[in-house]
Amino acid sequence: TNQINQSILTMKLAIASLFVASASAFAPSTPATRSTGLQMSLKSDMANLGKVALAGAVAVGVAVAPAQALTKSEINELSYLQVKGTGLANRCAEVVGEDSIKPKSGQNLVDMCIEPKAWAVEEEIGKGGKTEKKFVNSKVMTRQTYTLEGINGPITQEGGKIVFTEKDGIDYAPTTVQLPGGERVPFLFTVKELKATGNGDTFKPGFQMGGTTTTPSYRTGLFLDPKGRGGTTGYDMAVALPGLQSGEEGDAAMFGENNKTFDVTQGRVEMEVNKVNAEESEIGGVFVATQLGDTDMGSKVPKKILTKGIFYAKVE
């Protein structure tokens, strides 16, 4: 009898230990924390955005940074297949360091990359019987092709201040964002003809520069609307409605749709440097850009769009 009781006790202990082991196997493990250079830099970006934000650009946050942060040299080591399908081609390189670079005569800013992180659209908000204009956070609908890349231009000195003049590169990207209500707003994100004047003669953390840009029309003259009307080709009027477009009464209502225009507007970009690597001649920081959206070739009033993000450039 003692032997039987001892066997039963041993079996109970074995079963109990089995339950403990299985319970510990399913217990959640402590997640490993990862901190990258890009995540750390974005914290300082958020602190610095207030310094370069334009009037009215309040309460718009930068999106969460990707988990990986790669420097330019690390990106250059990757093959095409390593980059394909990862989204890295839409990312700007990270700069490590807080040095300073004083550009010399004849040098250029090359390989400039401008990566948007957050977008907002100015809307009229009604409250208490009053309306006021505010920037509303919006969601990007364009796939990962909205980053500007390979922008180059000379660096000059005017009155002891750095002046960067954009000359060429992939300096525009058609982009569409969506408002919380579902309305989509297309615009041509661009820094064409940027002439940015700085507040000093040395690139260093805290250095700021900004200037105006030229924003071409989102649509070109060859674009045809659903009724076949275009700027340089297509019909002059909606063929199905000739009676309303005869020059008599009613023609004014259709004028905006029939008279296609190539609208060129002005924008503005402000930049602030927060990372400088003197050994690699690299600078990086944050930017804020404002511009007008699509006019649908003259038939709509454009909306004002605010874009925030990061940039990278090399002094050469």
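Summary of the structure given here. In this text the structure is predicted, and so the values were computed from the model without any measurement. The residue numbering used here restarts from 1 in each chain and proceeds along that chain's sequence as written. In view of the model being predicted, local features appear only for residues whose pLDDT reaches at least 70, and side-chain atom pairs are presented and counted only at 80 or more, with totals across whole chains, interfaces and linings using the full set of residues. Side-chain measures here rest on the full set of heavy atoms in the structure, leaving out hydrogens and waters.

### Quick notes on the overall build of the protein
To keep things clear, this is the line we draw: Elements are defined by DSSP. Helices are runs of H or I of four residues or more, strands are runs of E of two residues or more, and each kind is numbered from the N terminus. Burial here depends on accessible area, computed with a 1.4 Å probe over protein chains only, as a share of the maximum for the residue type. Under 20% is buried, over 50% is exposed, and the range in between is partly exposed. Any two residues whose heavy atoms approach within 4.5 Å are treated as being in contact. Using the Shrake-Rupley algorithm and a 1.4 Å probe, accessible areas are obtained, with residue cover drawn only from the displayed protein chains.
If you tally the helices and strands in the protein, you get five helices and 12 strands. For the protein, the residues scored as buried account for 40% of the 316 residues in total. Contacts spanning at least 24 positions in sequence make up 65% of the contacts within the protein whose residues lie at least 6 apart. Per element, the accessible surface of the protein, about 17,800 Å² overall, is 54% carbon and sulfur.

### Looking at the nonpolar core
For clarity, the cut-off: To qualify as a nonpolar core, a set must consist of buried Ala, Val, Leu, Ile, Met, Phe, Trp, Tyr and Cys residues joined through side-chain atoms within 4.5 Å.
One finds L109, M112, I114, F203, M209, M271 and I283 to be the most contacted residues of the largest nonpolar core, which totals 36 residues. For this core, the elements supplying multiple residues, two or more each, are strand 1 (108-127), strand 3 (148-158), strand 4 (161-165), strand 6 (172-178), strand 7 (184-190), strand 10 (265-277), strand 11 (282-292) and strand 12 (304-315). Looking at which element gives the most residues to this core, the answer is strand 1, with five residues. Among all residues touching I283, those that are not within four sequence positions of it are V95, I101, L109, F203, V273, K275, V276, F311, Y312 and A313. Of all hydrophobic cores here, the second largest spans seven residues; its members include C92, A93, V286 and Y312.

### As for the pairing of strand 7
What counts is decided by this rule: Only strands joined by at least two bridges in the DSSP assignment are considered to pair.
Among the seven residues of strand 7, six are classified as buried, and the element is accordingly described as predominantly covered. Here seven bridges tie strand 6 to strand 7, and the two strands are oriented antiparallel to one another. Counterpart to Y172 in the pairing with strand 7 is T190. Connecting strand 6 to the antiparallel partner strand 7 that follows it, the hairpin turn spans five residues, and G182 within it adopts a positive phi of roughly 105 degrees.

### Details of the state of the cysteines
Disulfides are covalent bonds that link the sulfur atoms of two cysteine residues. The following threshold applies: By definition, disulfides here are pairs of cysteine sulfur atoms that lie within 2.5 Å.
Considering all chains together, one arrives at one disulfide under this definition. Each sulfur in the disulfide pair C92 and C113 lies 2.0 Å from the other. Disulfide C92 to C113: torsion about the S-S bond roughly -85 degrees, handedness left-handed. Of this pair, C92 sits in the loop between helix 4 (80-83) and strand 1 while C113 sits in strand 1, and the two are 21 residues apart along the sequence.

### So, the pattern of salt bridges
Pairing between side chains of opposite charge can happen when their charged atoms approach one another. Condition: We define a salt bridge as a side-chain nitrogen of Lys or Arg found within 4 Å of a carboxyl oxygen belonging to Asp or Glu.
Applying the stated rule across the entire model yields 12 salt bridges. D171 serves as the salt-bridge partner of K192, at 3.1 Å between the closest nitrogen and oxygen. Within this pair, whereas K192 is found in the loop between strand 7 and strand 8 (195-198), its partner D171 is found in the loop between strand 5 (168-170) and strand 6, the two being separated by 21 residues in sequence. Of the residues examined, K192 reaches a relative accessible area of 24% and is grouped as partly exposed. For D171, a relative accessible area of 6% gives the class buried. Shared partners join several salt bridges into a network, and the residues in it are D225, R229, E257 and K260.

### Quick look at the environment of T212
In this fold, T212 is placed in strand 9 (residues 208-215). Using a relative accessible area of 42% as the deciding quantity, one classes T212 as partly exposed. For the pair T212 and A196, spaced 16 residues apart in sequence, the C-alpha separation works out to 7.3 Å. Discounting residues that sit within four places of it in the chain, T212 has contacts with E193, L194, K195, Q266, G267 and R268.

### Re the packing of aromatic side chains
What counts here: By convention, a stacked pair of Phe, Tyr or Trp rings (six-membered ring in the case of Trp) has centres within 6.5 Å and planes under 30 degrees apart, an edge-to-face pair has planes over 60 apart, and any other such pair is tilted. The rule is short: NZ of Lys or CZ of Arg within 6 Å of the ring centre and within 35 degrees of the ring normal puts a charge over the ring.
Evaluated as defined, the whole model comprises three aromatic pairs. Note on W119 and Y146: the rings are 5.3 Å apart at their centroids and 90 degrees apart in plane angle, and the pair reads as edge-to-face. With a gap of 27 residues between them, W119 in strand 1 and Y146 in the loop between strand 2 (130-140) and strand 3 connect regions that are remote in the sequence. With respect to class, W119 is no different from Y146; both count as buried. Taking 5.1 Å as the distance between ring centres and 80 degrees as the angle between the ring planes, the aromatic pair formed by F203 and F207 counts as edge-to-face. Considered together, F203 and F207 belong to a single accessibility category, that of buried residues. The cationic tip of R219 hangs over the ring face of F223; the distance from NZ or CZ to the ring centre is 4.1 Å.

### Structural notes on the side chain of E166
Here is the rule we go by: Here the positive residues are Lys and Arg and the negative ones are Asp and Glu; neither His nor the chain ends is included.
Counting through the fold element by element, E166 comes out in the loop between strand 4 and strand 5. One buried charged residue, E166, remains without a salt bridge, the closest side chain of opposite sign being K192 at 6.2 Å. If sequence neighbours within four positions are ignored, E166 has contacts with I151, N152, D171, V191, K192, E193 and L194.

### Considering unusual backbone geometry
Glycine aside, a negative phi is what most residues show, and trans is what most peptide bonds show. With a phi angle near 55 degrees, D296 is a residue other than glycine that sits in the positive phi range. Its location among the elements puts D296 in the loop between strand 11 and strand 12. Unlike most non-glycine residues, M297 shows phi in positive territory, near 60 degrees. Tracing the chain through its elements places M297 in the loop between strand 11 and strand 12.

### A word on the pairing of strand 12
Counted residue by residue, strand 12 has 10 buried out of 12 residues, so it is predominantly covered. Pairing between strand 1 and strand 12: 10 bridges, direction antiparallel. Paired with L109 across the strands is V315, a residue of strand 12.

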